[in-house]
Structures are given as structure tokens and as C-alpha cells.
Amino acid sequence: MTPPSRLSFARTDSRVPAPLLSTAAGTLLLVDLLRVWLPSIITIFGQAASTPAELMGAFALLWFLVPFAVVPLAARWGAGRHAATVALAAGAGLVAARFALLFVHGGQAQLYVASIGLLAGLSWLAATAVRGGPAAVGVPVGLAAAALQHAALRTVDLTWQSRWWAAPLVAAECLVFIWYQRRTPPGRTSAAAWFLVGPAMLLAGMFALSPAVATVALSYGFDPVATTPPPAVPELLLGLAVVGFLAGATGPLRGRFERVAAAVTIVAAAIVFGLSHGPGGLFVALLLGCGALGWAFRAAAADTPPEPDAGRNARSGYAALAGMLVFAVAAVAYYAAYDLGYPNQWVPVAVALAPAWILLRSGAGAPATGVPWRTGLAAVAVCLLVPLLGATTTPPVERADAAGADRGLRLAAYNIRMGFGLDGTFRPAAAARAIAASDPDVVVLSEVDRAWVLNGGHDDLRTLATRLGMRYWFAPAADAVWGDAVLTNLPVTAAETVRLSAVGAPTGAQALGVVVRFGGREIAVVSTHIQPPPDAEPLVQVGEIAAFATRFGGDRPTFIAGDLNIEPGDAAMRAFADAGYADGFAAFRPVRTFPADKPVKQIDHVLVRGLTCAEVSVGTAVTSDHAPIFTTLR
């Protein structure tokens, strides 16, 4: 006989899926909105660290604190139809902002539309928790849908898609949300499950359900330099992670042993992620984190009372907002470390203690949710197939080294500022067009973000490399997913990276060396982004870069390119010259590169040994705060 728990979903009243679908759709919309709001705070309000950190933090936290006023308002009416009105009104605000962001791009308008949408979304979350809802299942389904959609879109959000189908797709998501929100009856609630929403969103975005992390993890392999991964494999890895997450969230939780194992696993995943700075760590964190995070939601479901309780529902509303406050504070604490210079490895571990606490606080078991086996198989198929929509079907091909040798090697160097322009928009297609206009043989990129939640979880490098049809080599600087890169389709015979001394500079730095074959000879390329110490010349990093380039380049012609954060005439430039690396642009000045809209100084350079620069030009693109530079090396 089939156990009753296996049939519970199929035999339930037809209205039961409505709370699950409305909660899942609302979670998807909220995650999508956060992917726009977070980078807007940094690039528009924060002006890329020019705004005081205290002011920026206060502005950000304000939007997470105001919704606390919604809880007593909704709880005053209990779980009745008036509380539903509060949730529906807030949900309508979330829908309006989410749809508006398809058309409102850049500047203060983008910042405040996203902020108002966040306020509405958090108010919806609180009101939904107050009136009761299946957070333990609905939120995991929403997080899974957000991860699958992000993978299918190659981590470029619908907000930034310039395709005709973006608006209809968002409209469909919004209609599903509103339709089922209107039909959602009051229900039981779990304060633990609602509190888990915020920490789960952050851990899922950092590693557990991140399509970008899946790609980066596989691109490292066992080498400290990441390269282009095999087609479709990262998408399948992400799909398996989502399957594991949903299996944990809907499957049985048999008791104390499984709870302890899951708690240890989620904390271990956070520790591995916090300490990872290269191969292996991201892969392990993703595999450990996905299922354990799902188990935490299953454990929270065991806390759900048998009947609605108005007092308990009020606590659930506060719990939901407290969890989102954890999200905000932890996100700021982790990423601000790269501007302020304190250790941040503890942040993901501290956040992981929330699901670990939920798992450990009791030994109660929980049965499976009763999903029919056909539904389960269909869900597995969706999880594995949807990410493949974003797979690269035509991988770049290595070309002959002698092609075009008579014209010299064409180089493009660009600090892409995590992909965001001066107006706070993410326009990878425009950035790719600006680079492709010079038909480069080699592209050197600085400030490459491959998965930061703070910047929307995009993989800038994969996005640009796909649009340019080029292979890439990437080395970590700040953490395993933020650093510098070299793109080329020329034959590559060697690649190596070395970390640079911080010397008081908070953001990490490295030097990446790649040897390419061009015109019958080997040329050493060094991509780096100097991080000057406060109020001092970066002479220590300059010495390390020059020493690495000399050792790595050997007797080959060698050039160093990137955002060096030094100007012509500085002592650091003289130190490079003393080490044998000449200023390739000396004969072409002025070559102003910063800021991109009205360049007044040159901090992006190409330094050469055994080569000369010709045909130097500065691009006019404003898809970053730096202008791209182009030259031909002979």
C-alpha cells in the first residue's frame, strides 16, 4: 500500500497549490529585484566607493527596516481577508516595480524604482508570513526557479536583456503571482521557515544555487588559473544542485542524525567557500551547500503548528523581516571588506549558523511532502533541461598563430568595473561591441566579477567571452570569483598567476601571465590591476609584477597591461622602466582613460619589453568608469 504521505499532495483541496505558487512566484520576483537593487546601491548611490560607507550602509538598511511597520498593521486583523489585502497591495507594488525596471535603466530613477520595489517586496513577505503561508516549500521552489532562470539567461537578468521576449516573460511571472496571490487562503505558518528566507537567499546566491559559481568552479578544475569550461557541463552541475536542494526541501527528514549531519554540512560548505581562493573550493561548497540548505527548510516545516495562530503569525512576520535584515547586514559586511580591509571569511559561516540552528533545535522528524512520482520526475527534468537553454553551443576555436602576423598583434585592455556603466546599467552587449570593434587578438580585462551577489550574481567574463567568441583565462584577486582575465583565440602554451602583497590596500591583487603564439613566436601577456596602498605609491606591487613578468616571460617579448592606477611621471612608472618595461604609450600622449565620460587622466597602461606600440586609441564606450584602450604591438 502506498503510504498516506505519498498521496497527501494529490488528495488535497484544489486550492492548496495556490499558496505554494504565490509564495514561489513572489520569491522569484523578489530575488530578481534584488539583483538590480544591490548593484544600484553600489554604482548609483555609492558611486563606486566615493560615497562614505556609513551613509551608503544607512541608506541600504533603511529599506529593510521600514517594512517592520507592516507587521503590526497586518497582525491587527489576524489572518483574515484584511491581512490578505495588505499582502495583495504590497505584492502589486512589487509587480509594478519589477515590470518597470525593464524600461527604467540607469541613474536615480533606476535606484528609486528598485528601492520602492524592494520596500513593497519585503512588505509582501511580512504580510504573507503574518497571514500564513507555506514558506518551507514555496520559498525553496521560488529560489530554485530563480536559479534555473538565471542559468537559462546566462546570468544576464531579464532587466538587462535587450530581447523582445523579456517583457512578456516578466509579465507572465507577474500575472502568475497576482493570480494565485488573490486566491491564497489563510494558512499555517512557521516562524523558523520565514526567518530562513533571508539567510537562504544569501547562501544560495553566494554558492549553493549560483549558476555563475557552477561555471567558475568547473573552469578552475585543479589549476589556479581558470579557463573556459566544457560546454553544457556547468549547466548540468547547476541543475543537479537545484535537484539536490529541492529533494532536501521536500523529502523526508528522519530525525536527529540527519539534522546534525545537515547542520554540519551547511556550516562546512560555508567554511570551504569562505576560505576558497582557487580550484576545488567552490565546487565543494556548491555540492555540500545545496542539499543541506534544502534540509533546513524541511526541518523548519516540522515546526509548523497544526492550526493557524494569530499570535504566532505575527512572530512569523517579524521573523521574515529579521531574516532579510540578516541578508542585508551580512551582504554589506562581506563585500565591504574589499573596500575597508577587514577579514570577511567569517560572514558566510555566521550566516550558515541560521539554517544550522533551525536543524539542531529539535530532533523531530518530518515526512516527505507527498509529491507524486510523476511530478517529481517532471521536476527533475525541468531542473536539468532549463539550464541547458543557457549553454554555449558553439565554443570558440583556437586559430593559427600566423594569422595576420604582418599587421602586428592587436590588443584591447579594459577595466570593466564588474560590467556596470557610469549610470549603473549592466550592458554586456554594448561592452562586447566596444571591444570587438578593434578585432583584437588579445583582450586584457580588469575588475572582472564572476559571481558576486552584490553585483547581481553575473558572470561578466563568460558573458563577454561568449559574445566575443573567445576563450578566456582568469585569475582570482579579491576572492575566487573576482579578478583579472585574458581572452584570446591564439594558441596558449602557458598560464600562471601570482598574488601580490596587499601593503595596506584592502582589495586583493594578482598578476596573470599567459603565453600566446603569434606570428611564429611566443609573446608573454601579463594582466594585472594594481591596488595602491593608502596615500602611497604602489612600489611593492610594481616590483612584484615586474619580477613576475621577467621570470614568466623569460626571453620572450613581454607586455604588462591593465588598470595600473598610476599616472605617467609617477615613481611607480619609473620603477617599471628601471625593471625594463617601457611606457608603450609615451609617444602618443595624451592618452586619457578615466573617467570614461570625460577622461582627464591616464591610469590604464601597456608596458612593453621587446615590443613597441602603434596605432594607439581610446574608446568612447561608457559601459564602465574606465575607457577601453586599443593598440597594435609589433
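A few points on the structure. The model shown is predicted, which means the values in this text are computed figures rather than measured ones.

### Digging into a positive patch on the surface
Consideration 1: A cluster of basic residues, Arg 163, Arg 427, Arg 433 and Arg 467, forms a positive patch at the surface.
Consideration 2: Relative to the helices and strands, Arg 163 is located in the loop between helix 7 (135-152) and helix 8 (166-182).

### Examining helix 2 (residues 17-45)
Consideration 1: Taking 1.5 Å per residue, 29 residues should reach 42 Å; helix 2 reaches 40 Å between its end C-alpha atoms and fits that length.
Consideration 2: The largest bend in helix 2 comes to about 25°, at Pro 39.
Consideration 3: The buried fraction of helix 2 is high, at 26 of 29 residues.
Consideration 4: At the exit of helix 2 stands Gln 47, carrying a positive phi of roughly 50°.

### Regarding the pairing of strand 9 (residues 558-563)
Consideration 1: Judged by how many residues are buried, strand 9 sits mostly within the fold: 6 of 6 residues are covered.
Consideration 2: In this fold, strand 8 (residues 521-528) hands off to helix 19 (residues 539-553), which returns the chain to strand 9; that crossover is right-handed.
Consideration 3: Sheet analysis places strand 9 next to strand 11 (residues 604-609), joined by 6 bridges and oriented antiparallel. When the sheet's bridge partners are listed, Phe 559 is paired in strand 11 with Val 608.

### Observations regarding the sheet that holds strand 3 (residues 442-449)
Consideration 1: The 7 strands lie next to each other as 1-4-5-3-2-13-12, forming an open sheet whose pairing is mixed. The sheet is open, and its two borders are formed by strand 1 (226-227) and strand 12 (613-618), each paired with just one other strand.
Consideration 2: Here strand 4 (residues 471-479) pairs with strand 5 (residues 482-488) via 7 bridges, running antiparallel. For Pro 476, the partnering residue across the bridge sits in strand 5 and is Gly 483.
Consideration 3: In the packing of helix 18 (residues 460-468) onto the sheet, the strands contacted are strand 3, strand 4 and strand 5, and the crossing angle to strand 3 comes to about 150°.

### Structural notes on the packing of helix 10 (residues 211-220) against helix 11 (residues 233-250)
Consideration 1: The contact between helix 10 and helix 11 brings their axes to 8 Å, and the two run at 125°. Taken as axis vectors, helix 10 and helix 11 run oblique relative to one another. Taken as a pair, helix 10 and helix 11 cross one another with a handedness that is right-handed. Contact residues: Pro 211, Ala 214, Thr 215 and Leu 218 in helix 10; Val 233, Pro 234, Leu 237 and Leu 238 in helix 11.
Consideration 2: Class assignment of the residues belonging to the contact of helix 10 with helix 11 gives a composition of 7 nonpolar, 1 polar and no charged.

### Considering the pattern of salt bridges
Consideration 1: Per the stated rule, a full pass over the model turns up 12 salt bridges.
Consideration 2: A salt bridge links Arg 462 to Glu 235; the shortest N-O distance between them is 2.7 Å. Taken together, the residues Arg 462 in helix 18 and Glu 235 in helix 11 connect sequence positions 227 residues apart. We note that Arg 462, like Glu 235, is buried.

### Remarks on the sheet that holds strand 6 (residues 492-499)
Consideration 1: On the basis of which strands lie adjacent, the open sheet formed by 6 strands has the order 6-7-8-9-11-10 and mixed pairing. In this open sheet, the two strands that pair with only one neighbour each are strand 6 and strand 10 (582-583).
Consideration 2: Bridging between strand 10 and strand 11 involves 2 bridges; their strand directions are antiparallel. Among the inter-strand pairings, Ala 582 is bridged to a residue of strand 11, identified as Val 608.
Consideration 3: Strand contacts of helix 19: strand 6, strand 7 (510-518), strand 8, strand 9 and strand 11, with the helix running at about 30° to strand 7, the strand carrying the most contacts.

### A closer look at the nonpolar core
Consideration 1: Ranked by size, the top nonpolar core spans 157 residues in total, and within it Trp 37, Leu 445 and Leu 487 carry the most contacts.
Consideration 2: Of all the elements, helix 2 adds the most residues to this core, at 14 residues.
Consideration 3: With near-sequence residues (within four places) excluded, Leu 487 lies in contact with Asp 441, Val 442, Val 443, Leu 445, Leu 461, Ala 465, Leu 468, Met 470, Arg 471 and Tyr 472.

### Topic: the packing of helix 11 against helix 13 (residues 281-301)
Consideration 1: The contact between helix 11 and helix 13 brings their axes to 6 Å, and the two run at 25°. Compared by their axis directions, helix 11 and helix 13 come out roughly parallel. Crossing angle aside, the handedness with which helix 11 passes helix 13 is right-handed. On the side of helix 11, the interface is formed by Leu 237, Ala 241, Gly 244, Phe 245, Gly 248, Ala 249 and Thr 250, while helix 13 contributes Phe 283, Leu 286, Leu 287, Cys 290, Gly 291, Leu 293, Gly 294, Trp 295, Phe 297 and Arg 298.
Consideration 2: Looking at the contact of helix 11 with helix 13, its residues break down into 11 nonpolar, 5 polar and 1 charged.

### Some points on the environment of Pro 67
Consideration 1: Mapped onto the fold, Pro 67 is located in the loop between helix 3 (53-65) and helix 4 (70-75).
Consideration 2: C-alpha of Pro 67 to C-alpha of Asp 460: the two residues are 393 residues apart in sequence and 33 Å apart in space.
Consideration 3: When residues no more than four places from it in sequence are discounted, the contact partners of Pro 67 are Leu 119, Leu 122, Ser 123 and Leu 321.

### A short note on the environment of Ala 331
Consideration 1: Turning to its location among the elements, Ala 331 is positioned in helix 14 (residues 310-340).
Consideration 2: Between the C-alpha atoms of Ala 331 and Leu 202, which are 129 residues apart in sequence, the distance is 7.4 Å.

### Some remarks on the side chain of Gln 161
Consideration 1: Mapped onto the secondary structure, Gln 161 falls in the loop between helix 7 and helix 8.
Consideration 2: At 2.9 Å, the side chain of Gln 161 and the backbone oxygen of Val 156 are in polar contact.

### What about the side chain of Ser 624?
Consideration 1: Position of Ser 624 among the secondary structure elements: in the loop between strand 12 and strand 13 (629-633).
Consideration 2: Judged by relative accessible area, which is 0%, Ser 624 ranks as buried.
Consideration 3: Among the polar contacts listed, one links the side chain of Ser 624 to the backbone nitrogen of His 626, at a separation of 3.2 Å.
Consideration 4: Every residue in contact with Ser 624, bar those within four places of it in the chain, is listed here: Tyr 414, Asn 415, Ile 416, Arg 417, Phe 420, Gly 421, Leu 422 and Ala 596.

### What to know about the packing of aromatic side chains
Consideration 1: Counted by the stated rule, this structure contains 17 aromatic pairs.
Consideration 2: The interplanar angle of 85° and the centroid separation of 6.0 Å between the aromatic rings of Phe 59 and Tyr 112 together place this pair among those described as edge-to-face. Taken together, the residues span a long stretch of sequence, with Phe 59 in helix 3 and Tyr 112 in helix 6 (residues 107-131) at a distance of 53 residues.
Consideration 3: Of the residues examined, Phe 59 reaches a relative accessible area of 12% and is grouped as buried.

### Description of the pairing of strand 8
Consideration 1: Taking burial as the measure, the 8 residues of strand 8 include 6 buried ones, the bulk of the element.
Consideration 2: With 8 bridges connecting them, strand 7 and strand 8 associate as antiparallel partners. By the bridge assignment for strand 8, Val 515 is matched with Ala 524.
Consideration 3: Linkage of strand 7 to strand 8, two consecutive antiparallel strands, is achieved through a turn of 2 residues, within which Gly 519 is found at a positive phi near 65°.
Consideration 4: Pairing analysis gives 4 bridges linking strand 8 to strand 9, with the strands arranged parallel. Each bridged residue has a counterpart across the sheet, and for Val 526 the counterpart in strand 9 is Ile 560.

Thresholds applied
- Residues numbered from 1 in each chain as written.
- Predicted model: local features only at pLDDT ≥ 70, side-chain atom pairs only at ≥ 80, totals over all residues.
- Heavy atoms only, no water.
- Patch = residues over 30% accessible without salt bridge, like charges linked within 9 Å, V, L, I, M, F, W, Y side chains within 5 Å.
- Areas by Shrake-Rupley, 256 points an atom, 1.4 Å probe, with all protein chains shown as cover.
- Salt bridge = Lys/Arg side-chain N within 4 Å of Asp/Glu carboxyl O.
- Lys, Arg positive; Asp, Glu negative; His and termini not counted.
- Charge placed at Lys NZ, Arg CZ, Asp CG, Glu CD.
- Helix = DSSP H or I, 4+ residues; strand = E, 2+ residues; numbered from the N terminus.
- Expected span 1.5 Å × (residues − 1).
- Bend = angle between axes of the 7 residues up to and from the residue.
- Buried < 20%, exposed > 50% of the residue type's maximum accessible area, 1.4 Å probe, protein only.
- Right-handed = clockwise from strand over helix to strand, strands pointing away.
- Pairing = 2+ DSSP bridges.
- Contact = heavy atoms within 4.5 Å.
- Axes fitted to C-alpha atoms, helices over the stretch in contact; angles between N-to-C directions.
- Parallel < 35°, antiparallel > 145°, perpendicular 65-115°, else oblique.
- Left-handed = near helix turned anticlockwise from the far one by under 90°.
- Nonpolar A, V, L, I, M, F, W, Y, C, P; charged D, E, K, R; others polar.
- Core = buried A, V, L, I, M, F, W, Y, C linked by side-chain atoms within 4.5 Å.
- Polar contact = N/O pair within 3.5 Å; in protein donor to acceptor, adjacent residues only side chain to side chain.
- Phe/Tyr/Trp six-rings, centres within 6.5 Å; stacked < 30°, edge-to-face > 60°.

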